[in-house]
Amino acid sequence: MAQNGTRATGPRCIALVGPFQSGKTTLLEAILARTGAIQRQGTIEAKNTVGDASKEARHHLMSVEISVASANFKGDTYTFVDCPGSVEFVHDMRAALPAVDAAVVVCELDEKKVPQLQLIMRELEAQKIPRFLFVNKVDKADSTIHDVLRVLQPASRGKLLVRQIPTFSGDIITGFVDLALERAFVYKEHAPSEVIPLEGDALDREKTARFSMLETLADHDDELMEQLLEDIQPPRDKVFDDLSKELREGLVCPVLFGSATRTNGVLRLMKALRHESPGIADTAKRLGVKSGQTVAYVLKTINTAHGGKMSVARVLAGKIGDGANVMTADGQTGRVAAVFKLMGQNSEKRGAAEAGETVALGKLDHAKSGETLSDGAQPHAPIAKVAPHPPVLSIAVATKERKDDVKLGQALAKLLEEDPSISVVHNAEAHEVVLWGQGEMQLRVATERLADRFGIATVSHKPTVGYRETIKKGIVQRGRHKKQSGGHGQYGDVVLDIKPLPRGSGFSFSEEIKGGVVPRNYIPSVEEGVIDALKHGPLGFPVVDVAAKLIDGSYHTVDSSDMAFQLAGRLAIHDGLPQCQPVLLEPIYQVEIVCPSEATAKMNGLMSGRRGQILGFDTREGWDGWDVVRVQMPESEIGDLIVEVRSATAGVGSFTFKFDHMAELMGRTADQIIAARKAAAAA
């Protein structure tokens, strides 16, 4: 038992989260090295870390998916889930969080990165995950280290609780004082910190900072508040009890310091996790796991080149071993082929997994990322539902070789299984496979995986914009198809009254035939021909908002046929539309951009440059310092909008969009679009 008597027991699962390039993977490497899980600490630059071991991660020097690795510390097993910091891969983090016991938020003391930190903290707050803040790279921090709360508190709704204060030699940070233990430590390069006497200026600073820490804890503990008011020093066990309790309830977020590259502060972080973070019993209770049943949650699905499909899962209750039969939340069953221990990209067969352990389960075909697995007669209700953020960027992909077309569909299905924040849309009209995702890098990594993992070389381009055309005036047009080549000929003759309809009406067909000049059985064929002709108007695009009325015609008792009248309908439309003042229509979307308030002015300028009509802006509900900008914008301008939005907002801005209406497009822009369409058709 720990000094406070309330330490959680059993295997722990801890998420490492934080802004892009804050040092999460380096911290994982430091933890593994300091606990003896690996012999030597690797580096991102040397491409020899346990995390970020995939080809794509090492090529881009960034996390592109979660990495899982375990270590033993003072007799307890800890599995760390290293999560990507890039907003483009954030769904991997969001999907893994429900089953972890706590999160270590790795950050820098950099005001420019506070909005990124805020996004991470909001997700943890929403999922009610207990969290520690690990301020990394303190060896490179400047004097703002004295003002930690001023810089970082705006990122957190919960109260930040400074657990440590740094000690200095001149301007260089040489160690820290643990405010709960009331001990001073000096950093040692790649070695445990050494306890030193707490005296002089460090002692004075410790007393002030400790009282501030105790005041924060006392906000939720009347007994502690009374002790402080009466100037009674609370027992150390009492302080640790409050730290643990208020952390688990999400009332406070302890702040610790260190340098992952030098392994400074790493063992103190491990001790804080050991004594204060919740365990599997608390997590199972938080998730509403039913007792008497084996329950597991799938953090991530991986399709390996040789081992097939593996489901990274945390056992929340019961036990899972080889051959175990499990059921998904929607009742689909599967049999566990094997249980594996994971260390980054490496897997090793192991025995059955007990409650609290995080393992990989082999070949569960129906298990998806975020799936709840159980072994009861009835499926366990989903313990979490984490929907991906709406996509913001798309590319059209095609295989370089036609023989790979079938393989492409199968490979994309596996990619979507691994990362549900990617989606695929088949545009039948443009004959395109469109890949939607969270940003440029995510889509690039997806195409790299298609090539590296599945052997499918692809080419990509901007997806086709859904332009349409319509007409501005009506006409009465005859269409006659007549062909004689021996034997039965072909004869169909129709007269159509073609008129424009109000915007958004679509298409209507009617008939006003008198005297049987066009037999009833041929009228559907006329309509079919008209519909077919409208697929490709005189400007090269599908025609909408048009009414066609069949008002006259003629037929031949022998030569008339369904095909002849279909062709006659097509001819009438084909010949009539160019005389009806055809105009180009472009799709207009309603766009809502969320961004920090200081970037709102930039958004206004950005929208104007993209032919956007600003409808207004408002404060973002529940987000201090954020705005929502509402715009109407052409689909063609949304294409790479996310790149500029993120560039203008230090990577944190985003948007959602939905179709609103079609609008006329004229002038030089329309001429260029029409010319490009005709050139593509002629190619």
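Up top you'll find the structure we're talking about.
Worth saying up front: this structure is predicted, and the values here are computed from it rather than measured.

S.K.: How should the pattern of salt bridges be read in this particular structure?
M.R.: Pairs can form between side chains of opposite charge once their charged atoms are near each other. Going through the model one piece at a time under the given rule, you end up with 48 salt bridges. Where Lys-499 meets Asp-497, a salt bridge forms, and the shortest distance between an N and an O atom there is 3.8 Å. Look at Lys-499 and you get partly exposed, because its relative accessible area is 45%. Each member of the salt-bridge network shares a partner with another, and the members are Arg-163, Asp-178, Arg-268 and Glu-276.

S.K.: Which parts of the structure should I look at to understand the nonpolar core?
M.R.: Across soluble globular proteins, you tend to see nonpolar side chains buried next to one another. Val-17, Leu-124, Leu-133, Leu-152 and Leu-316 are the most contacted members of the largest nonpolar core, which has 74 residues in total. The residues contacting Leu-152, other than those within four sequence positions of it, are Cys-107, Glu-108, Leu-109, Val-114, Leu-117, Leu-133, Val-135 and Leu-160. By size, the runner-up hydrophobic cluster in this structure holds 33 residues, among which are Tyr-589, Met-603, Leu-641 and Ile-642.

S.K.: Whenever I open this one, the sheet that holds strand S23 (residues 423-427) confuses me. Can you help?
M.R.: Backbone hydrogen bonds hold the strands of a sheet together, and the pairing may be parallel or antiparallel. Here four strands make up an open sheet; going across it, the order is S23-S24-S22-S25 and the pairing antiparallel. The sheet is open, and its two borders are formed by S23 and strand S25 (458-461), each paired with just one other strand. Averaged over all pairs of adjacent strands, the angle between strand axes in this sheet comes to 35°, irrespective of strand direction. The pairing of strand S22 (residues 393-399) with strand S24 (residues 432-437) spans five bridges and is classified as antiparallel. Among the inter-strand pairings, Val-397 is bridged to a residue of S24, identified as Val-433. Of the strands in this sheet, S22, S24 and S25 touch helix H12 (residues 440-452), which is tilted by about 15° from S22.

S.K.: What should I look at first to understand H12 in this one?
M.R.: Every α-helix winds through 3.6 residues per turn, so residues three or four apart in the chain are directed the same way. Its 13 residues give H12 an end-to-end C-alpha distance of 18 Å, which sits within 8% of 18 Å, the value for a rise of 1.5 Å per residue. Tucked into the core, H12 has its buried residues touching helix H2 (55-60), S22, helix H11 (405-418), S24 and S25.

S.K.: Whenever I open this one, helix H1 (residues 24-34) confuses me. Can you help?
M.R.: Across the eleven residues that make up H1, a large majority, ten, are buried. Among the residues of H1, Lys-24, Thr-25, Thr-26, Leu-27, Leu-28, Glu-29, Ala-30, Ile-31, Leu-32 and Arg-34 are the ones counted as buried. The first or second residue beyond H1 is Gly-36, which carries a positive phi of 85°.

S.K.: Where do I start with the side chain of Asp-101 in this structure?
M.R.: Relative to the elements of secondary structure, Asp-101 occurs in the loop between helix H3 (90-96) and strand S4 (102-107). A polar side-chain atom of Asp-101 sits 2.8 Å from a polar atom in the side chain of Arg-314. Once you skip the residues sitting within four places of it in the chain, Asp-101 turns out to touch Pro-11, Arg-12, Cys-13, Pro-130, Pro-278, Gly-279, Ile-280, Thr-283 and Arg-314.

S.K.: Quick question: what am I supposed to make of the state of the cysteines here?
M.R.: Disulfide: a covalent bond connecting the sulfur atoms of a pair of cysteines. Scanning all chains against the criterion turns up zero disulfides. There is no disulfide at Cys-107, and the cysteine sulfur nearest it, in Cys-253, is 8.6 Å away.

S.K.: Can you walk me through the sheet that holds strand S5 (residues 131-135) in this structure?
M.R.: The seven strands are arranged S2-S3-S1-S4-S5-S11-S6 in an open sheet whose pairing can be described as mixed. Pairing within the sheet leaves two strands with one partner each, and these edge strands are strand S2 (67-73) and strand S6 (159-162). Going from strand to strand, the sheet's axes swing by 30° on average, the running direction of each strand aside. Across five bridges, the pairing between S4 and S5 is parallel. Residue pairing across strands places Cys-107 opposite Val-135, the latter belonging to S5. Its contacts with the sheet place helix H8 (residues 236-248) against S5, S6 and strand S11 (252-257), and it is angled at close to 115° to S11.

S.K.: Whenever I open this one, the packing of helix H6 (residues 200-218) against H8 confuses me. Can you help?
M.R.: In a packed pair of helices, the relevant descriptors are the angle between the two axes and the axis-to-axis distance. Their axes nearest at 10 Å, the elements H6 and H8 cross at an angle of 55°. The pairing of H6 with H8 is recorded here as oblique in orientation. Regarding H6 and H8, the two cross each other, and that crossing is left-handed. Across the interface between the two elements, Arg-210, Met-213, Leu-214, Thr-216 and Leu-217 of H6 pack against Val-239, Asp-242, Leu-243 and Glu-246 of H8. A breakdown of the residues in the contact of H6 with H8 according to their chemical character gives five nonpolar, one polar and three charged.

S.K.: How should I be thinking about the packing of aromatic side chains in this particular structure?
M.R.: We describe a pair of aromatic rings using the distance from one ring centre to the other and the angle between the two ring planes. The tally for this structure, following the rule as stated, stands at ten aromatic pairs. On the basis of an interplanar angle of 45° and a centroid distance of 5.9 Å, the ring pair of Phe-655 and Phe-657 is categorised as tilted. What makes Phe-655 buried here is its relative accessible area of 2%. For Phe-657, a relative accessible area of 26% translates into the label partly exposed.

S.K.: Just to check I follow, could you spell out empty space enclosed by the protein for this structure?
M.R.: Think of a ball as big as a water molecule: rolled over the atoms, this probe shows where empty space is left. Overall, the coordinates contain five cavities of 30 Å³ or more when judged by the stated rule. Its volume calculated, the largest cavity comes out at about 60 Å³. Lining the largest cavity we find Phe-89, Leu-415, Glu-418, Asp-419, Ile-422, Gln-442, Val-445, Ala-446 and Arg-449. Per-element tally for the lining of the largest cavity: the top contributor is H12, with four residues. Here the lining of the largest cavity is built from residues that sort into five nonpolar, one polar and three charged.

S.K.: Which parts of the structure should I look at to understand the environment of Val-594?
M.R.: Mapped onto the fold, Val-594 is located in strand S31 (residues 582-596). Setting aside anything within four residues of it in sequence, one finds Val-594 in contact with Arg-620, Trp-626, Asp-627, Val-628, Gly-653 and Ser-654.

S.K.: Which parts of the structure should I look at to understand unusual backbone geometry?
M.R.: Note on backbone geometry: most residues besides glycine have negative phi, and most peptide bonds are trans. Positive phi, normally seen in glycine, also occurs at Lys-128, with a value near 60°. Structurally, the position occupied by Lys-128 is in the loop between helix H4 (114-126) and S5. Residue classification places Lys-128 among the exposed positions, given a relative accessible area of 60%. Notably, Arg-611 is not glycine yet its phi reads approximately 60°, a positive angle. You can see Arg-611 is positioned in the loop between helix H15 (600-608) and strand S32 (613-619).

Here is what the cut-offs are and how they apply
- Residues numbered from 1 in each chain as written.
- Predicted model: local features only at pLDDT ≥ 70, side-chain atom pairs only at ≥ 80, totals over all residues.
- Heavy atoms only, no water.
- Salt bridge = Lys/Arg side-chain N within 4 Å of Asp/Glu carboxyl O.
- Buried < 20%, exposed > 50% of the residue type's maximum accessible area, 1.4 Å probe, protein only.
- Core = buried A, V, L, I, M, F, W, Y, C linked by side-chain atoms within 4.5 Å.
- Contact = heavy atoms within 4.5 Å.
- Pairing = 2+ DSSP bridges.
- Helix = DSSP H or I, 4+ residues; strand = E, 2+ residues; numbered from the N terminus.
- Axes fitted to C-alpha atoms, helices over the stretch in contact; angles between N-to-C directions.
- Expected span 1.5 Å × (residues − 1).
- Polar contact = N/O pair within 3.5 Å; in protein donor to acceptor, adjacent residues only side chain to side chain.
- Disulfide = S-S within 2.5 Å.
- Parallel < 35°, antiparallel > 145°, perpendicular 65-115°, else oblique.
- Left-handed = near helix turned anticlockwise from the far one by under 90°.
- Nonpolar A, V, L, I, M, F, W, Y, C, P; charged D, E, K, R; others polar.
- Phe/Tyr/Trp six-rings, centres within 6.5 Å; stacked < 30°, edge-to-face > 60°.
- 1 Å grid on protein atoms, 1.4 Å probe; cavity = no way out; pocket = protein on both sides within 12 Å on 5 of 7 lines; lining within 4 Å.
- Points joined across faces, edges and corners; volume = space filled by probe spheres on them.

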